[in-house]
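Geometric and topological summary
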Amino acid sequence: MHSAKEKIILFHPKTAFSSSGCIVPLHLLAVSRHIDRNKFDVFIINGEMERDYRAILKEHCKDALCIGIGFMTGYQIKQALEASQIAREVNPKIRIVWGGWHPSVSMEQTLQHPLADILVRGQGDVVFSELVNALSEGKD
């Protein structure tokens, strides 16, 4: 019998009040390529492009193992916090992983936020893969 894969959500917050053109979250593509697709289904939600990102987050976070959100200092923090709150409300057991420039530079301050379960500093592509494997296996 084939067991279901665990779901991993990666969210890219909007970078400005209004953006033009297509913003491809290359950092999340880099992170996702290291995740074992035999064990996990990975969903990338782009807050820049998805008009109804809230509904998409609500649907996918219900049964997800974790959500990874990479963000910079500035405007992205607002949508990163909103996405984290949505994830926590629909799935109290979801692990919220923050990464990117802001969490890397302001680590101590960022870790004090009640929605930050885990913080990844620096290049997160390989580290995030190791992290989701550990979470899936119930390890620290």
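You'll find the structure just up there.
Residues numbered from 1 in each chain as written. Predicted model: local features only at pLDDT ≥ 70, side-chain atom pairs only at ≥ 80, totals over all residues. Heavy atoms only, no water.

1. Focus on the overall build of the protein chain
Each helix and strand counted, the protein chain has six helices and five strands in total. Relative to a compact globule of 140 residues, whose C-alpha radius of gyration would be 14 Å, the protein chain shows 14 Å and is just as compact. Across the 140 residues in the protein chain, those meeting the buried criterion constitute 44%. The long-range fraction of contacts in the protein chain, counting pairs at least 24 apart against all pairs at least 6 apart in sequence, stands at 68%. Computing the positive centroid from 16 side-chain charges and the negative centroid from 16, the protein chain places the two 3 Å apart. (Helix = DSSP H or I, 4+ residues; strand = E, 2+ residues; numbered from the N terminus. Rg over C-alpha atoms; globule rule 2.2 N^0.38 Å. Buried < 20%, exposed > 50% of the residue type's maximum accessible area, 1.4 Å probe, protein only. Contact = heavy atoms within 4.5 Å. Lys, Arg positive; Asp, Glu negative; His and termini not counted. Charge placed at Lys NZ, Arg CZ, Asp CG, Glu CD.)

2. Comments concerning a nonpolar patch on the surface
Taken together, the side chains of Val 24, Leu 26, Leu 29 and Ile 44 make up a nonpolar region of the molecular surface, amounting to roughly 340 Å² of accessible area. Residue placement: Ile 44 occurs in strand 2 (residues 40-46). (Patch = residues over 30% accessible without salt bridge, like charges linked within 9 Å, V, L, I, M, F, W, Y side chains within 5 Å. Areas by Shrake-Rupley, 256 points an atom, 1.4 Å probe, with all protein chains shown as cover. Salt bridge = Lys/Arg side-chain N within 4 Å of Asp/Glu carboxyl O.)

3. Notes on the environment of Ile 56
Note on placement: Ile 56 falls in helix 2 (residues 53-61). Separated by eleven residues in the primary sequence, Ile 56 and Ile 45 have C-alpha atoms spaced 7.7 Å apart. Apart from residues no more than four positions distant in its own chain, Ile 56 is found in contact with Ile 45 and Glu 50.

4. Brief notes about the sheet that holds strand 5 (residues 118-119)
Spatially, five strands are ordered 2-1-3-4-5 in an open sheet, and the strand pairing comes out parallel. Looking along the sheet, the strands with just one partner apiece sit at the ends: strand 2 and strand 5. Pairing of strand 1 (residues 6-12) with strand 2, which is carried by seven bridges, proceeds in the parallel orientation. Note on strand 2: the bridge partner recorded for Ile 8 is Val 42. Contacting strand 1, strand 2 and strand 3 (64-70), helix 2 crosses the sheet at an angle of about 160° to strand 1. Seen against the sheet, helix 3 (residues 76-90) touches strand 1, strand 3 and strand 4 (95-99) and runs at an angle of roughly 175° to strand 3. (Pairing = 2+ DSSP bridges. Axes fitted to C-alpha atoms, helices over the stretch in contact; angles between N-to-C directions.)

5. Some words on the pairing of strand 1
With six of its seven residues buried, strand 1 lies for the most part within the structure. Bridging between strand 1 and strand 3 involves five bridges; their strand directions are parallel. Note on strand 3: the bridge partner recorded for Phe 11 is Ile 69.

6. Notes on the state of the cysteines
Working definition of a disulfide: a covalent bond connecting the sulfur atoms of two cysteines. Counting across every chain of the model gives zero disulfides. Cys 66 provides the cysteine sulfur closest to Cys 61, a residue in no disulfide bond, and the two sulfurs are 9.7 Å apart. On the basis of relative accessibility, which here comes to 0%, the residue Cys 61 falls in the buried class. Looking at Cys 66, the relative accessible area reads 0%, which means it is buried. (Disulfide = S-S within 2.5 Å.)

7. Things to note about the side chain of Arg 88
Relative to the helices and strands, Arg 88 is located in helix 3. A distance of 2.7 Å separates a polar side-chain atom of Arg 88 from the backbone oxygen of Ile 94. Not counting the four nearest positions on each side in its chain, Arg 88 is found in contact with Ile 94, Ile 96, Pro 114, Leu 115 and Asp 117. (Polar contact = N/O pair within 3.5 Å; in protein donor to acceptor, adjacent residues only side chain to side chain.)

8. A look at the pattern of salt bridges
A complete count under the given rule lists seven salt bridges for this structure. Note that Glu 137 is salt-bridged to Lys 39, the shortest N-O span being 3.6 Å. Taken together, the residues Glu 137 in the segment after helix 6 (125-136) and Lys 39 in the loop between helix 1 (26-32) and strand 2 connect sequence positions 98 residues apart. What makes Glu 137 partly exposed here is its relative accessible area of 45%. A relative accessible area of 28% places Lys 39 in the partly exposed class. Lys 139 serves as the salt-bridge partner of Glu 137, at 3.1 Å between the closest nitrogen and oxygen. Salt bridges linked by common partners bring Lys 39, Glu 137 and Lys 139 together as one network.

So yeah, pure geometry; function would need other evidence.
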